[in-house]
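# Close look at the chain arrangement
If you want the building blocks of each chain, they are given just below.
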Amino acid sequence: MSDASKTTNAKKVFIKTYGCQMNVYDSDRMTDALADHGFSPTQDMGEADLVLLNTCHIREKAAEKVYSELGRIRDFRNEREPGAKKMLIGVAGCVAQAEGEEIMARAPAVDLVFGPQSYHRLPELVARADRERVIDTDFPEEDKFAHLPAPKKEVTISRGLTAFLTVQEGCDKFCSFCVVPYTRGAEVSRPVAQVIAEARALADAGVREITLLGQNVNAYHGVDDKGRQIGLGELCYLLAEIEGLARIRYTTSHPRDMDDALIAAHRDLDKLMPYLHLPVQSGSDTILKAMNRRHTAAQYLEIIDRIKQARPDMALSGDFIVGFPGETDRDFADTLDMVKKVGYASAFSFKYSTRPGTPGAEMDNQVPEAVKAERLEALQAEITAHQTAFNAGCVGLTLPVLLEKKGRNPGQIAGRSPYLQPVHIEADESLIGQILPVEIVDRAKNSLVGTIVTSKVQAV
Ligand code: SAM
Ligand code: SF4
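So, a few notes on the structure that sits alongside this text. Keep in mind it's a predicted model, so treat the numbers as computed, not measured.

### Examining the overall build of the protein
Of regular secondary structure, the protein possesses 15 helices and 21 strands. In terms of C-alpha radius of gyration, the protein reaches 23 Å, essentially the compact-globule figure of 23 Å for 460 residues. Once the C-alpha set of the protein is aligned to its principal axes, its extents read approximately 60 × 60 × 50 Å. Counting every position in the protein, which comprises 460 residues, the buried fraction comes to 55%. Sequence-distant contacts, at least 24 apart, represent 71% of the contacts inside the protein between residues at least 6 apart. Surface accessibility of the protein: about 20100 Å² in total, with carbon and sulfur atoms responsible for 50%.

Encoded structure:
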């Protein structure tokens, strides 16, 4: 398409993203794919020619939100003035993959439904949706990443100094509560050269920190130019060589895939940030077995010991599910105990949500909602106490902070510590983009307050 036709046909796409960082990344790549076909992104649905909901199916609530939002968008479209430009409505992501036919039946206003493996075909699907209702939830043979255009910093809303980069997709682990293996398909790793090229392009565009993404990112086993499979640890060494790229993170990891090479990378690479999101889900071996997690509580703690030996200041984060079928008070007490032993810097916790088609949904010893709610409250109180203690331990330290953006108040800028804490600083916005030593002078509920200093940087 010529530059002239791009500007004369300028159309707008509005994308609303639900769920995990992989969906944020996917929304950016959809924006990139559509940019070559005359669409620019907008944050105002009123001016959109195409509205896309990039959806999440991980818990029931997340999926239900999509149907209510579709009703709202349909009403918005119907209330437009006569003669207003046409607006197509599309549903992408994991709800689209899992419930494609149902969406078409329940939401007649929807023009287009497509799953996560079809994003590279989006321009073609949108063109078809102009004429007929389209559904595309196949798992195609071709590599979608090889067909997606390179990331374009200038057209993307969510990229700034930090960016996501999906290196691995799908999951073969089949935890008994989880829909991911069904919605995202089998585990696939992107080739090393593709990942390095994308990281270089991001660094050239001014990105200073990348977060490597995957449903099981540390199961990464991409093929290099010599035909060798390399793991995430080795990939991190290669990425660390990229000039301009100052920080590397990755998420989400599975305990079983935390291998020696990755732990060594944490020991050796300053660019690899000392923050690890390593979900455990439960502290009870009985529940871990029923969840098909394939590790025990003791094995998880042993992995954490090894990581801390390699990188003593490693901040840990995790995911927990309360109220999995069969969970007793004793099992839940083991989960609280796990939080105490690890001393998480932060953690996410959820009530178990039955997902159709997963083994957990068939189990007959489901836990009542009220019990789940009570346990969630107790767990979150324990997690908050540890997060508060971790943040309090940072006061008085000097940490390298990536200065990312303007703060909420005038004269304030906001950045991130190596441990992913937001840091608010009174400083000039001309410093945005730099990584500077910041003395932490105070803490708020979920963030730190600091002042820029020139003295030596310390670790927790
Ligand atoms: N692959 C990662 C792992 O194995 O730890 C997790 C990825 S999953 C997309 C993110 C989190 O959602 C999980 O760690 C789990 O805590 C939560 N989750 C998944 N299925 C759930 C369900 N049915 N009910 C409640 N939470 C769930
Ligand atoms: Fe879901 Fe993670 Fe288990 Fe895979 S490893 S099934 S993504 S929770």
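### Considering the site of ligand 1
Among the 18 residues in the neighbourhood of ligand 1, the closest are listed as Q215, Q281, R293, D319 and S353. F177 is positioned such that a nitrogen or oxygen atom in its backbone is 2.9 Å from a nitrogen atom of ligand 1. Bound to the protein, ligand 1 loses 90% of the 570 Å² it would expose on its own. For the shell around ligand 1, the elements supplying multiple residues, two or more each, are β15 (315-322) and β16 (346-351). Here the residues of the shell around ligand 1 are counted per class, giving seven nonpolar, six polar and five charged.

### Topic: the site of ligand 2
If you check the shell around ligand 2, you find C171, K173, F174, C175, F177, C178, V180, P181, N216, H254 and R293 and nothing else. Its residues assigned to classes, the shell around ligand 2 comprises seven nonpolar, two polar and two charged.

### Quick word on helix α4 (residues 93-106)
The first and last C-alpha atoms of α4 sit only 17 Å apart over 14 residues, clearly below the 20 Å expected at 1.5 Å per residue. The sharpest bend along α4 reaches about 90° and sits at E99. Considering only its buried residues, α4 is in contact with β3 (50-55), α3 (60-78), β4 (88-92), β5 (112-114), β6 (134-136) and α7 (180-183).

### Quick word on the packing of helix α12 (residues 297-310) against helix α13 (residues 329-342)
The contact between α12 and α13 brings their axes to 11 Å, and the two run at 10°. Classified by the angle between their axes, α12 and α13 sit roughly parallel to one another. In the crossing of α12 with α13, the sense of the turn from one axis to the other is right-handed. Residues A297, Y300, L301 and I304 of α12 form the contact with α13, whose own contacting residues are M338, K341 and V342. Grouping the amino acids of the contact of α12 with α13 by side-chain chemistry returns six nonpolar, no polar and one charged.

Thresholds applied
Residues numbered from 1 in each chain as written. Chains lettered and ligands numbered in written order. Predicted model: local features only at pLDDT ≥ 70, side-chain atom pairs only at ≥ 80, totals over all residues. Heavy atoms only, no water. Helix = DSSP H or I, 4+ residues; strand = E, 2+ residues; numbered from the N terminus. Rg over C-alpha atoms; globule rule 2.2 N^0.38 Å. Buried < 20%, exposed > 50% of the residue type's maximum accessible area, 1.4 Å probe, protein only. Contact = heavy atoms within 4.5 Å. Areas by Shrake-Rupley, 256 points an atom, 1.4 Å probe, with all protein chains shown as cover. Near = heavy atom within 4 Å. Polar contact = N/O pair within 3.5 Å; in protein donor to acceptor, adjacent residues only side chain to side chain. Nonpolar A, V, L, I, M, F, W, Y, C, P; charged D, E, K, R; others polar. Expected span 1.5 Å × (residues − 1). Bend = angle between axes of the 7 residues up to and from the residue. Axes fitted to C-alpha atoms, helices over the stretch in contact; angles between N-to-C directions. Parallel < 35°, antiparallel > 145°, perpendicular 65-115°, else oblique. Left-handed = near helix turned anticlockwise from the far one by under 90°.

Just geometry here; none of it tells us what the structure is for.
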